[in-house]
Amino acid sequence: MTYTNNIEAFEASKHVLVGGVNSPVRSFRSVGGTPYVVARGEGAYVYDIEGNAYIDYVQSYGPCVLGHAHPAVVAAICDAAARGTSYGAPTIGELRLAEEVVRRIPGLEMLRMTSSGTEAAMSAIRLARGATGRSKIVKFDGNYHGHVDSLLVAAGSGVANQGLTGMAGVPDGVVADTVVLPYNRVPILADDVAVVAVEPVAANMGLVAPVDGFLEGLRAECDRVGALLLFDEVITGFRLHHGGATAWSGVTPDVWAFGKVIGGGLPVGAFGASREVMSHLAPLGPVYQGGTLSGNPLAVAAGLATLSQLTPDAYAQLSATAEKLAFGITAAFEGSSIPVQVPRVGPLLGLFFANSPVLDNDGATASAESGRFPPLFHALLKRGVALAPGPYEVMFPSLAHGEAEIDRTIAAFRDAVQELTP
Ligand SMILES: *Cc1c(COP(=O)(O)O)cnc(C)c1O
């Protein structure tokens, strides 16, 4: 059967895919209604199977930083596919991508590629535990590091959007060594901590920038007790800055996790560290990690094609786009009864319903619980602007978002605010 109606197609999906989706955030559960079913994407736009166009701020939750179906990325994927899709042997493509990532990130010396950000974070934790011989891990409330058991506590967007509290299927024992602390406060660490995992700019509880001294304080505290510092740069990696949050902040962690942008829209993740720390990893050391499709030729080709467009100028353009959006969105709410904060860190952009800047997950949760996001989301969607369907997500403008899209987005916000505050 041919599907040309969103509701019909989504109803059919619900029979064979749990909740109609392959990742819970896509289900519209936290905004209500039926998801648009995508037929194709091009540049700043996605088109659903009914032919509706949306200016897309989801961009696959971050990977498609050039916009959808960028010709250079499509060509790189087609070219790679014509030479075979996976070999189970080393390739030049994975070498080039690793060289490019290592070249960009100060302090990073070696990489291991995976097929997702979850695997990257999971493996980085295993490596850190193996390298230190300790088991405790520290993470921050509202930071997301993928859906691996030991990190799936107080884990930000995907989890928070579903209204889930306890973690069915995650035994207490698995999280017994995970300590969850509030973001933006430097903890006093115990000397049995293996690793402190942090999103250097938090982008899974809305957008929360690190306050002055937070990352520097974590660095110093990790050094004091001999713990490793892990920057989860799966979002910040090559969206925030040419050299990731590492160059942006000037703070160098011991271990990194990457994903999203480095796969250019195909399944990729990577984790890395200094040569010394990475020497604990098999085949050099005793910490095992592997993957049939890791360093997949299509994915590394898409990643490399994406990174090669991401010059310092490209980041200046992304930041300018985000700045115009932040200014216009803030102005759209001015004089209305809706209190908003539009935090921006370079190209990253968030939206909170709050009277003052949000610094941690308690603030993000209060914003989400105001209930203001779902009606705004739908008012924008019917005007052809697609935000990610949850109050804990950030906006991902791409290099394909030009003046016309920015102007239309701001106009849609103005009209939406009018509609919601008559
Ligand atoms: C998306 C994300 C992950 C998980 O990556 P997947 O590719 O979805 O497994 C991990 N950490 C952060 C910060 C993320 O935003």
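Along every chain, residues carry numbers that run from 1 in the direction the sequence is written. Only residues with pLDDT of at least 70 get local features here, since the model is predicted, and only at 80 or more are side-chain atom pairs given and counted; chain-wide, interface and lining totals rely on the full set of residues. Side-chain metrics in this entry use all non-hydrogen atoms of the structure; hydrogen atoms and water are not considered.

**Student:** Go over the site of the ligand with me, naming the residues and quoting the values.
**Tutor:** The cutoff for a nearby residue is simple: one of its non-hydrogen atoms must lie within 4 Å of the molecule or strand. For the ligand, the full set of nearby residues is Ser116, Gly117, Thr118, Tyr144, His145, Gly146, Glu199, Asn204, Asp232, Val234, Ile235 and Lys260. Distance and chemistry together define a polar contact, namely a pair of N or O atoms within 3.5 Å, with one atom able to donate a hydrogen and the other to accept it when in protein, and with adjacent residues in sequence counting only for side-chain atoms on both sides. In the environment of the ligand, a nitrogen atom lies 3.2 Å from a nitrogen or oxygen atom belonging to the backbone of Tyr144. A distance of 2.7 Å separates an oxygen atom of the ligand from a polar atom in the side chain of Lys260. Where accessible areas are quoted, they stem from the Shrake-Rupley method and a 1.4 Å probe; at the residue level, only the protein chains shown are allowed to cover. Protein contact buries 84% of the 380 Å² of open area that the ligand shows by itself. By residue class, the composition of the shell around the ligand is three nonpolar, six polar and three charged. Throughout this entry, Asp, Glu, Lys and Arg are counted as charged residues, while Ala, Val, Leu, Ile, Met, Phe, Trp, Tyr, Cys and Pro are counted as nonpolar. The remaining residues, Gly among them, count as polar.

**Student:** Describe the sheet that holds strand β3 (residues 53–56), with residues and values.
**Tutor:** By the convention used here, strands pair only if DSSP detects at least 2 bridges between them. Secondary structure elements follow DSSP: runs of H or I no shorter than four residues count as helices, runs of E no shorter than two count as strands, and numbering proceeds from the N terminus. Ordered by their spatial adjacency, four strands build an open sheet running β1-β2-β3-β13, and the pairing between neighbours is mixed. If you trace the sheet from one side to the other, it starts and ends with β1 (38–42) and β13 (385–386), each paired once. Taken together, the four bridges between β1 and strand β2 (residues 45–48) define a ladder with antiparallel strand orientation. In the sheet register, Gly41 faces β2, and the bridge partner there is Val46. Contacts were defined at the residue level, with two residues in contact if any of their heavy atoms lie within 4.5 Å. Angles here are taken between N-to-C directions and fall from 0 to 180 degrees, while the axes themselves are lines fitted to C-alpha atoms, restricted in helices to the stretch in contact. Its contacts with the sheet place helix α14 (residues 403–420) against β2, β3 and β13, and it is angled at close to 100° to β3.

**Student:** So what about the packing of aromatic side chains? Which residues, and what values?
**Tutor:** Here the distance between the centres and the angle between the planes together describe a pair of aromatic rings. Two rings from Phe, Tyr or Trp (for Trp, the six-membered ring) form a pair when their centres are within 6.5 Å of each other. A pair whose planes differ by under 30 degrees is stacked, one over 60 is edge-to-face, and the rest are tilted. Inspection of every chain in the model, using the stated rule, returns ten aromatic pairs. Among the aromatic side chains, those forming a connected cluster through ring pairs are Phe28, Tyr36, Tyr54, Phe373 and Phe377. Over the ring of Tyr47 we find Arg40; its NZ or CZ atom is 4.1 Å from the centre of that ring. Whether a charge sits over a ring depends on NZ of Lys or CZ of Arg being within 6 Å of the ring centre and within 35 degrees of the ring normal.

**Student:** Would you mind going over the domain arrangement of the chain in detail, with residue names and values included?
**Tutor:** Residue ranges labeled as domains rest on an automatic or database domain assignment. Here the chain is partitioned into domain 1 (6–69 + 311–420) and domain 2 (71–309). Using only C-alpha atoms to locate each centre, domain 1 and domain 2 end up separated by 25 Å. At the junction of the two partners, domain 1 supplies 38 residues and domain 2 supplies 39 residues. Joining two parts hides part of their accessible area as seen by a 1.4 Å probe, and the buried area is that hidden amount summed over both. In this assembly, domain 1 packs against domain 2 so that about 3,100 Å² is buried in total across both faces, 64% of it on carbon and sulfur atoms. Interface area lost by domain 1 to domain 2 is led by Tyr315, Val345 and Tyr392, which between them contribute 21%. For salt bridges, the criterion is a side-chain nitrogen of Lys or Arg within 4 Å of an Asp or Glu carboxyl oxygen. Counting the contacts that link domain 1 with domain 2 gives one salt bridge. Among the ionic pairs, Asp360 bridges to Arg185, the shortest N-O distance being 3.1 Å. Between domain 1 and domain 2 we count eight residue pairs in polar contact (both at pLDDT 80 or more) in total. Of all elements in the fold, only α11 (312–333), β11 (344–345), β12 (348–349) and α12 (361–369) reach the threshold of two or more residues within the side of domain 1 that touches domain 2. Examining the composition of the side of domain 1 that touches domain 2, we find that four residues originate from one element, α11, more than from any other. Split by residue class, the side of domain 1 that touches domain 2 holds 26 nonpolar, seven polar and five charged.

**Student:** Got a sec to walk through the packing of helix α3 (residues 92–104) against helix α10 (residues 297–309)? Specific residues and values, please.
**Tutor:** Following both chains from N to C, one finds α3 and α10 inclined at 40°, their axes separated by 9 Å at the closest point. Overall, the two elements α3 and α10 adopt an arrangement that is oblique. Our pair here, α3 against α10, has a crossing hand that is left-handed. Contacts from Gly93, Glu94, Arg96, Leu97, Glu100, Val101 and Arg104 in α3 reach Val300, Gly303, Leu304 and Leu307 in α10. Considered class by class, the residues forming the contact of α3 with α10 number five nonpolar, two polar and four charged. Angular relationships are summarised with four words: roughly parallel below 35 degrees, roughly antiparallel beyond 145, roughly perpendicular across 65 to 115, and oblique for the angles in between. For any pair of crossing helices, the crossing counts as left-handed if the nearer helix is rotated counterclockwise from the farther one by less than a right angle, and right-handed if it is rotated clockwise.

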